[in-house]
Amino acid sequence: MHTNPDKKRQFTILLVDDREENLISLEDSLEADNRNFLKARSGNDALKMTLKNDNIGLILLDVQMPGMDGFEVAKLLKSNTKTKDISIIFVTAMSKEEQYVMKGFGYGAVDYLQKPLDTNITRAKVNVFEQLYFYQEDLRKTIEQKNKINKQLERFMYIVAHDLKSPLNGVVGLLDIMHKDSRIIAVEELSNYMKLMLDASRHLTGMISSILDYSRKNDFEQSEEDVDVHELVTQIAYLLFPPKNIIIRIEGNLPIIRTKKFKLQQVFQNLISNAIKYNDKAQGEIVVGYEDDNDFYKFYIKDNGPGIEEKDSERIFKLFETTNNNSNADSSTGVGLNIIKMLVEEQGGKITVNSVPSVESCFYFQWVK
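Analysis parameters
Residues numbered from 1 in each chain as written. Predicted model: local features only at pLDDT ≥ 70, side-chain atom pairs only at ≥ 80, totals over all residues. Heavy atoms only, no water. Patch = residues over 30% accessible without salt bridge, like charges linked within 9 Å, V, L, I, M, F, W, Y side chains within 5 Å. Areas by Shrake-Rupley, 256 points an atom, 1.4 Å probe, with all protein chains shown as cover. Salt bridge = Lys/Arg side-chain N within 4 Å of Asp/Glu carboxyl O. Helix = DSSP H or I, 4+ residues; strand = E, 2+ residues; numbered from the N terminus. Buried < 20%, exposed > 50% of the residue type's maximum accessible area, 1.4 Å probe, protein only. Pairing = 2+ DSSP bridges. Axes fitted to C-alpha atoms, helices over the stretch in contact; angles between N-to-C directions. Contact = heavy atoms within 4.5 Å.

### Comments concerning a nonpolar patch on the surface
Alright, step 1. Nonpolar side chains collect at one region of the surface, where Phe156, Val160 and Leu164 lie side by side and expose about 280 Å² of accessible area between them.
Alright, step 2. Mapped onto the elements, Phe156 comes out in helix H5 (residues 119–179).
Alright, step 3. The exposure class assigned to Phe156 is exposed, which follows from its relative accessible area of 54%.

This is the structure in structure tokens:
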């Protein structure tokens with residue numbers, strides 16, 4: 001089923017006034033093909049209608065009504081989690097003195113209309129709130145879609161990690177036995193290589209356990225800890241086993257920050273791994289450092305690899321997007337950088353890249369202090 005892009009989305013407005021003629025006049029002046037109107041002649045009726053209808057985008061609320069006045073209605077609507085986000089415009093014949101206006105804003109109004117109503121001003125204000133309502137609706141749907149994708153990726157991580165853990169534990173056990181074998185111990189170089197393989201396998205086992213733990217818990221259950229970023233990056237660089245022609249160095253001392261270690265580790269490991277994987281120089285160099293950026297640490301990973309074309313500098317962060325300017329393009333899934341982008345944006349930060357094709361690339365990402 002295909003939706004018609006030209007079909008206007010519906011916008012529901014609740015009109016509240018104790019006088020029928022005022023309700024009819026308001027509806028006539030605001031009528032449009034995509035608008036639905038609900039009408040209430042008392043504060044109680046307004047509350048009942050609002051609670052029964054989930055799609056009200058705007059309330060035009062008369063202040064002076066017998067029984068429950070507009071201020072009381074607005075106060076009750078704003079105290080209810082179901083109705084607190086609905087925009088309210090007060091319609092009043094009373095003086096717009098500062099004290100009176102501030103009282104209305106305090107009860108939840110977002111704007112005022114003064115009686116007798118000016119038709120053009122009324123229409124213009126309602127048009128603004130209609131656009132705002134649709135923007136908010138689009139944002140909510142985007143967030144829901146993002147959360148859905150996140151859940152799918154987390155489920156994928158859990159399945160992969162779960163399937164890898166058992167055979168990897170077997171590998172670690174076998175390596176441990178071999179490392180203690182007297183024939184291996186007798187050959188120093190072989191013993192050192194075996195120890196390196198064992199350390200790397202244990203580290204990978206720890207990472208898989210972290211992935212499983214991450215997938216089992218929601219974001220609020222994951223604990224923060226003090227992370228020595230310098231030590232973290234040093235360990236990542238060591239266990240990625242860069243080729244002998246690639247040097248990884250850290251500029252200055254990286255900070256100690258309180259954060260969720262696994263997420264920060266994912267970001268650094270992905271970016272450093274990519275810098276190693278795609279480097280095309282006889283002597284490769286990767287530099288990791290940071291700058292102070294107000295409420296954030298701004299980390300950077302710079303390399304002298306093939307670089308990225310300007311046209312690809314934003315596209316590479318989109319899901320399943322890859323570039324074709326390197327020899328390893330076929331092995332890229334276009335998932336890694338999108339996950340990194342989501343992790344950075346969870347912190348309120350941004351990730352960007354500056355690059356000179358065939359010369360260098362520098363990825364920057366913000367991590368909240």
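### What to know about the sheet that holds strand S5 (residues 111–114)
Whether parallel or antiparallel, the strands of a sheet pair through hydrogen bonds between backbone atoms.
Alright, step 1. Taken in spatial order, the five strands of this open sheet run S2-S1-S3-S4-S5, and their pairing is parallel. Whereas interior strands pair on both sides, the edge strands pair on one side only; in this sheet they are strand S2 (35–40) and S5. The mean inter-strand angle of the sheet, taken between neighbouring strand axes irrespective of direction, is 20°.
Alright, step 2. Note that strand S4 (residues 87–92) and S5 share four bridges and pair parallel. When the sheet's bridge partners are listed, Thr92 is paired in S5 with Gln114.
Alright, step 3. Along the sheet face, helix H1 (residues 20–30) touches strand S1 (11–16), S2 and strand S3 (56–62) and points at about 170° away from the line of S2.
Alright, step 4. Contacting S1, S2 and S3, helix H2 (residues 43–52) crosses the sheet at an angle of about 140° to S2.

### Structural notes on the side chain of Ser361
Alright, step 1. Here Ser361 lies in strand S12 (residues 360–368).
Alright, step 2. With near-sequence residues (within four places) excluded, Ser361 lies in contact with Ile301, Lys302, Asp303, Gly307, Ile308, Asn354 and Ser355.

### A look at the pattern of salt bridges
Alright, step 1. For the coordinates displayed, the defined rule picks out 22 salt bridges.
Alright, step 2. The salt bridge partner of Asp111 is Lys125, with a shortest N-O separation of 3.1 Å. Here Lys125 lies in helix H5 and Asp111 lies in strand S5, a separation of 14 residues in the sequence.
Alright, step 3. Taking relative accessible area as the criterion, Lys125 reaches 22% and is therefore assigned partly exposed.
Alright, step 4. With a shortest N-O distance of 3.0 Å, Asp280 and Lys281 are connected by a salt bridge.
Alright, step 5. Judged by relative accessible area, which is 25%, Lys281 ranks as partly exposed.
Alright, step 6. One connected set of salt bridges, linked through shared partners, spans Arg9, Glu137 and Asp138.

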